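# Examination of the molecular architecture
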Amino acid sequence: VLIIICFIISLNHSLLAAIEIKIGSVAPERSPWHAALLKVARDWETITAGQVKVRVYPGGIVGSELDMIRKVRLGVLQGAVLTNMGMMKIEKCPGAQPAFSH
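Residues numbered from 1 in each chain as written. Predicted model: local features only at pLDDT ≥ 70, side-chain atom pairs only at ≥ 80, totals over all residues. Heavy atoms only, no water.

Now for the nonpolar core. Side chains of nonpolar character tend, in soluble globular proteins, to be buried together. Formed by I21, I23, L37, A41, V52, V54 and V56, the largest nonpolar core amounts to 7 residues. Residue contributions to this core peak at 3 residues, all from strand β2 (residues 52-57). If we ignore the near neighbours within four places in the chain, the residues touching V52 are I19, I21, W44 and E45. (Core = buried A, V, L, I, M, F, W, Y, C linked by side-chain atoms within 4.5 Å. Buried < 20%, exposed > 50% of the residue type's maximum accessible area, 1.4 Å probe, protein only. Helix = DSSP H or I, 4+ residues; strand = E, 2+ residues; numbered from the N terminus. Contact = heavy atoms within 4.5 Å.)

The residue D43 is located in helix α2 (residues 32-47) in this model. The class for D43 is partly exposed, based on a relative accessible area of 31%. C-alpha separation for the pair D43 and V54, spaced 11 residues apart in sequence, amounts to 9.6 Å. A polar contact of 2.8 Å, which involves the side chain of D43, links it to the side chain of K39. (Polar contact = N/O pair within 3.5 Å; in protein donor to acceptor, adjacent residues only side chain to side chain.)

The strand order across the open sheet built from 3 strands is β2-β1-β3, with neighbouring strands paired in parallel fashion. The sheet is open, and its two borders are formed by β2 and β3 (79-81), each paired with just one other strand. Along the sheet, successive strands turn relative to each other by an average axial angle of 25 degrees, direction set aside. With 6 bridges connecting them, strand β1 (residues 19-25) and β2 associate as parallel partners. Considered in β2, the bridge of G24 is made with Y57. The strands touched by α2 are β1, β2 and β3; relative to β2, the strand with the most contacts, the crossing angle is about 165 degrees. (Pairing = 2+ DSSP bridges. Axes fitted to C-alpha atoms, helices over the stretch in contact; angles between N-to-C directions.)

Once that is clear, we can look at α2. Taking 1.5 Å per residue, 16 residues should reach 22 Å; α2 reaches 22 Å between its end C-alpha atoms and fits that length. Restricting attention to buried positions, one finds in α2 the residues H34, L37 and A41. For α2, the buried positions fall inside an angular range of 60 degrees around the axis, keeping them on one side. Opposite the buried face of α2, by more than 90 degrees, sit the exposed residues P32, R42, T46 and I47. Buried residues belonging to α2 abut β1, β2 and β3. (Expected span 1.5 Å × (residues − 1). Arc of directions from axis to C-beta.)

Set out below in structure tokens:
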């Protein structure tokens, strides 16, 4: 019975624990892009009553775009804000069409 009670308490605690989303960005701190990311982070926290917390890592402090892509794949980061060049480093989806054709 004690084991079941401990399990229920831990399950309830895990349901109440906030989710942390870590997002890497090459946008410099204090740039308009960084300010927009911080606003999204605040909005998500407000909308979810504190259940989602977003941590933004600006200015490439978590690495280059290639590093961020690798860290997303490994689960270290949950998101990355990339430039067009960074997006080109991600494997293309089968059947994907280029946005612009020449």
